[in-house]
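Letter by letter, the chains look like this.
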Amino acid sequence: MFDKVLIANRGEIALRVLRACKELGIATVAVHSTADADAMHVRLADESVCIGPPPAAESYLNIPRLLAACEITGADAVHPGYGFLSENARFAEILEHHKITFIGPTSEHIRIMGDKIAAKATAIRLGIPVVPGSKGAVTDDGEALKIANEMGFPVLVKAASGGGGRGMKVARSIADLSLALSTARSEAKAAFGDDAVYMEKYLQKPRHIEVQVFGDGQGNAVHLGERDCSLQRRHQKVMEEAPSPALNDAQRMKIGGIVANAMRQLKYRGAGTVEFLYEDGEFYFIEMNTRLQVEHPVTEAITGLDLVLEQIRIASGAPLSVKQEDITFSGHAIECRINAETPRTFRPSPGKITYWHPPGGLGVRVDSGVYQGYKIPPYYDSLIGKLIVHGKSRNECLMRLRRCLSEFVIDGIETTIPLFNELIRHSDIVDGMYDIHWLEKFLASEPKDG
Ligand code: ADP
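Values in this document were obtained by computation on a predicted structure and should not be read as measured data.

What is the right way to look at the overall build of the protein chain in this model?
Counting its regular elements, the protein chain contains 15 helices and 20 strands. Taken over the C-alpha trace, the protein chain has a radius of gyration of 21 Å; the compact-globule value for 450 residues is 22 Å, and the two agree within 12%. Along the first, second and third principal axes, the C-alpha set of the protein chain runs to 60 × 50 × 45 Å. For the protein chain, buried positions account for 57% of its 450 residues. Looking at the protein chain alone, contacts between residues at least 24 apart form 66% of all its contacts between residues at least 6 apart.

Below, the structure is given as structure tokens:
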């Protein structure tokens, strides 16, 4: 086991990782920008190192500074959390080179899955169903038109290096296609320095269902069931639940089995999430995330497993702590992402939290790095916490959420709590009848605040 882990992240996930390390008796190193000197993960860590000014490129994304922090503190492993360098193959490679363990998969697997075209080709090879589309990158508009006509419109143009919904454009007809291709290419070039794009059939009413997997790097792998993350705005998840209200046990075990089998073939190491769109009973692979996800707590709630602890154990060379037949699913869990944003327009609302009272009680978990008096800096993601409820049934979760949202007090800034109050009372949400476009339609149908 490791002696000291450096946590290359901030906010609630830095704290989440820190807690797992503490329970394992591992010393922790926090890194932070000057804007985060007062952050909770810095206060609770055994040691902390300031790695630069507020812009992420000069701190949380700065590999030489992170390496220097490892060297100064003598950390023998790095947990990257999610976002920032968590899916940066070069970072993993450099750490490997310096004999510091990257708590995650091999740099090779990160690289394959980070290129969506390579990831899709790999998925096909491993027997995972994919969205129909172009075989690889599309460089020629004439060729693109031919493929689109064969698939039928609408089609989606996607960036090979995409992430966070950027570089993605829908073409509804022949007339839209060349503009969709050129805007997706230039957006992708600007955001990722790579203008390679590919095409997929645009699914009209899918759900986003993802499967959580763990591998030990030796050819053993298990799946921990699925999460339904269909409530999205601008391709960003807002609320997640497990299990998906759209699947029955047979479907769950079938897709889980396919994914776990693929990970065995790949000799995948660590935590991963294989994301699918699900429409009319069929699954279509869209991408694989080779890291811990924001929404991992809903899986922890229904399986009783600590995913970060498992990541750390596997990275230290231990085998998987569970076999597939040991994994059971208990009840239901729902997560609400609490963002420092105005509820309907999602405009960021940084500033000082003048009062903070999180809910508690049976089946309630709040993962957050903030506290009363904390000033949310304007430089980073607006996620300030996650409210996760667990109950015997989906209905019990919704009742619990209602209670928790009314108990939750955050003063001084605006948050997305009022939005969740509306959502959990909506009959479509109560009935579990929503797809990836539902939230955008709901937001467009009502008057906007601010
Ligand atoms: P990113 O890495 O940018 O998040 P993904 O491939 O994971 O991109 O897709 C993000 C979201 O975009 C999905 O959850 C879904 O809402 C939408 N999306 C992606 N591919 C398709 C598709 N072929 N048809 C319809 N919607 C899609």
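Sorry, what's going on with helix H15 (residues 438–445) here?
What sets the pattern is the α-helix's 3.6 residues per turn: residues three or four places apart point alike. Here H15 has its buried residues at Trp-438, Leu-439, Phe-442 and Leu-443. The buried side chains of H15 occupy one side of the element, clustering within an arc of 130 degrees when seen end-on. Exposed and oriented more than 90 degrees from the buried face of H15 are Lys-441, Ala-444 and Ser-445. Where H15 is buried, its residues contact strand E10 (221–233), strand E11 (236–242), helix H13 (417–423) and helix H14 (427–430).

Explain the sheet that holds E11 here, please?
In sheet architecture, strand pairing relies on hydrogen bonds along the backbone and comes in two forms, parallel and antiparallel. Ordered in space as E13-E12-E9-E10-E11-E14-E19-E17, the eight strands form an open sheet in which the pairing is antiparallel. Edge positions in the sheet fall to strand E13 (282–289) and strand E17 (364–368), since each of these pairs with one other strand and no more. With direction set aside, neighbouring strand axes in the sheet form an average angle of 25 degrees. For E11 and strand E14 (residues 332–339), the ladder comprises four bridges, and the chain directions are antiparallel. Across the sheet, the residue bridging to Glu-240 is Glu-335, located in E14. Sitting on the sheet, helix H10 (residues 296–303) is in contact with strand E9 (207–216), E10, E11, E14, E17 and strand E19 (383–391), with an inclination near 155 degrees to E14.

Please explain the nonpolar core as it appears in this structure.
Within soluble globular proteins, side chains that are nonpolar generally end up buried alongside one another. Ranked by internal contacts, the top residues of the largest apolar core, which has 37 residues, are Met-239, Ile-338, Leu-387 and Ile-410. The greatest single-element share of this core, amounting to five residues, is contributed by helix H12 (residues 394–407). Not counting residues within four places of it along the chain, the set of residues in contact with Leu-387 comprises Ile-334, Glu-335, Cys-336, Ile-338, Pro-359, Val-364, Arg-365, Val-366, Leu-401, Cys-404, Leu-405 and Phe-408. Among the nonpolar cores identified, the runner-up in size contains 32 residues, and Ile-13, Ala-30, Leu-224 and Ile-314 belong to it.

Quick question: what am I supposed to make of the sheet that holds strand E7 (residues 168–171) here?
One open sheet accounts for three strands, arranged E7-E6-E8; its pairing is antiparallel. The open sheet is flanked by E7 and strand E8 (197–201), the only strands paired with a single partner. Pairs of neighbouring strands in the sheet enclose a mean axial angle of 25 degrees, with direction left out of account. The pairing of strand E6 (residues 155–159) with E8 spans five bridges and is antiparallel. What sits directly across from Lys-158, in E8, is Tyr-198. Along the sheet face, helix H7 (residues 141–151) touches E6 and E8 and points at about 15 degrees away from the line of E8.

Could you clarify how one ought to interpret the site of the ligand in this entry?
Neighbouring the ligand are 21 residues, the closest being Lys-116, Gly-165, Lys-201, Gln-232 and Glu-287. The separation between an oxygen atom of the ligand and a polar side-chain atom of Gln-232 is 2.8 Å. Out of a free accessible area of 560 Å², the ligand has 96% covered by protein chains. Elements represented by at least two residues in the shell around the ligand include exactly E6, E8, strand E12 (269–279) and E13. Residue composition of the shell around the ligand, grouped by class: eight nonpolar, seven polar and six charged. Two domains share the shell around the ligand, each providing at least three of its residues, namely domain 2 (132–201) and domain 3 (207–445).

Teacher, can you tell me more about the domain arrangement of the protein chain here?
Taken domain by domain, the protein chain comprises domain 1 (4–103), domain 2 (132–201) and domain 3 (207–445). Domain 2 and domain 3 are separated by 29 Å when their C-alpha centres are compared. Counting residues at the interface gives six residues for domain 2, matched by four residues for domain 3. For the domain 2 and domain 3 pair, buried surface summed over both sides reaches about 370 Å², with 53% attributable to carbon and sulfur atoms. Put simply, domain 2 and domain 3 have zero salt bridges between them.

Would you take a moment to explain the pairing of E14 for this structure?
Each regular strand displays side chains that alternate between the two surfaces of the sheet. The element E14 is extensively covered by neighbouring structure, given that eight of its eight residues are classed as buried. By the alternation rule, side chains of E14 split into His-332, Ile-334, Cys-336 and Ile-338 and Ala-333, Glu-335, Arg-337 and Asn-339, which are all buried. Relative to E19, E14 is paired through eight bridges, and the arrangement is antiparallel. Bridging across to E19, Asn-339 finds its partner in Leu-383.

Explain the packing of helix H5 (residues 107–114) against helix H6 (residues 116–125) here, please?
Helix-helix packing is characterised by the crossing angle of the two axes and by the distance between the axes. Orientation of H5 relative to H6, taken along the N-to-C sense of each, is 100 degrees, at an axis distance of 5 Å. Between H5 and H6, the angle is such that the two are roughly perpendicular. Where H5 approaches H6, its residues Ile-112, Met-113 and Gly-114 are matched on the opposing element by Lys-116, Ala-118, Ala-119 and Thr-122. Partitioned by chemical class, the residues of the contact of H5 with H6 number four nonpolar, two polar and one charged.

What should I look at first to understand the packing of aromatic side chains in this one?
Any aromatic ring pair is given by two values, namely how distant the centres are and how the planes are angled relative to each other. Evaluation of the coordinates by the stated rule reveals ten aromatic pairs. With 5.1 Å between their ring centres and 10 degrees between their planes, Trp-438 and Phe-442 make a pair best called stacked. Placement of both Trp-438 and Phe-442 in helix H15 is noted, with a separation of four residues, approximately one turn of the helix. Classification of Trp-438 by relative accessible area gives buried; the value is 10%. Here the aromatic residues Tyr-60, Phe-84, Tyr-379 and Tyr-380 are joined through ring pairs into a cluster of three or more. In this arrangement the basic side chain of Arg-207 is found over the ring face of Tyr-434, its NZ or CZ atom lying 4.5 Å from the centre.

Explain the state of the cysteines to me, please; I cannot follow it from the model alone.
In protein structure, a disulfide is the covalent linkage between the sulfur atoms of two cysteines. In the structure shown here, the tally under the stated rule is zero disulfides. In this model Cys-50 remains outside any disulfide bridge; the closest cysteine sulfur is found in Cys-70, 15 Å from its own. Take Cys-50: its relative accessible area is 43%, and that puts it in the partly exposed class. Among the cysteines around Cys-336, which has no disulfide bond, Cys-404 carries the closest sulfur, lying 9.0 Å off.

About the criteria used
Residues numbered from 1 in each chain as written. Predicted model: local features only at pLDDT ≥ 70, side-chain atom pairs only at ≥ 80, totals over all residues. Heavy atoms only, no water. Helix = DSSP H or I, 4+ residues; strand = E, 2+ residues; numbered from the N terminus. Rg over C-alpha atoms; globule rule 2.2 N^0.38 Å. Buried < 20%, exposed > 50% of the residue type's maximum accessible area, 1.4 Å probe, protein only. Contact = heavy atoms within 4.5 Å. Arc of directions from axis to C-beta. Pairing = 2+ DSSP bridges. Axes fitted to C-alpha atoms, helices over the stretch in contact; angles between N-to-C directions. Core = buried A, V, L, I, M, F, W, Y, C linked by side-chain atoms within 4.5 Å. Near = heavy atom within 4 Å. Polar contact = N/O pair within 3.5 Å; in protein donor to acceptor, adjacent residues only side chain to side chain. Areas by Shrake-Rupley, 256 points an atom, 1.4 Å probe, with all protein chains shown as cover. Nonpolar A, V, L, I, M, F, W, Y, C, P; charged D, E, K, R; others polar. Domains from an automatic or database assignment. Buried area = accessible area lost by both parts, 1.4 Å probe. Salt bridge = Lys/Arg side-chain N within 4 Å of Asp/Glu carboxyl O. Parallel < 35°, antiparallel > 145°, perpendicular 65-115°, else oblique. Phe/Tyr/Trp six-rings, centres within 6.5 Å; stacked < 30°, edge-to-face > 60°. Lys NZ or Arg CZ within 6 Å of the ring centre and 35° of its normal. Disulfide = S-S within 2.5 Å.

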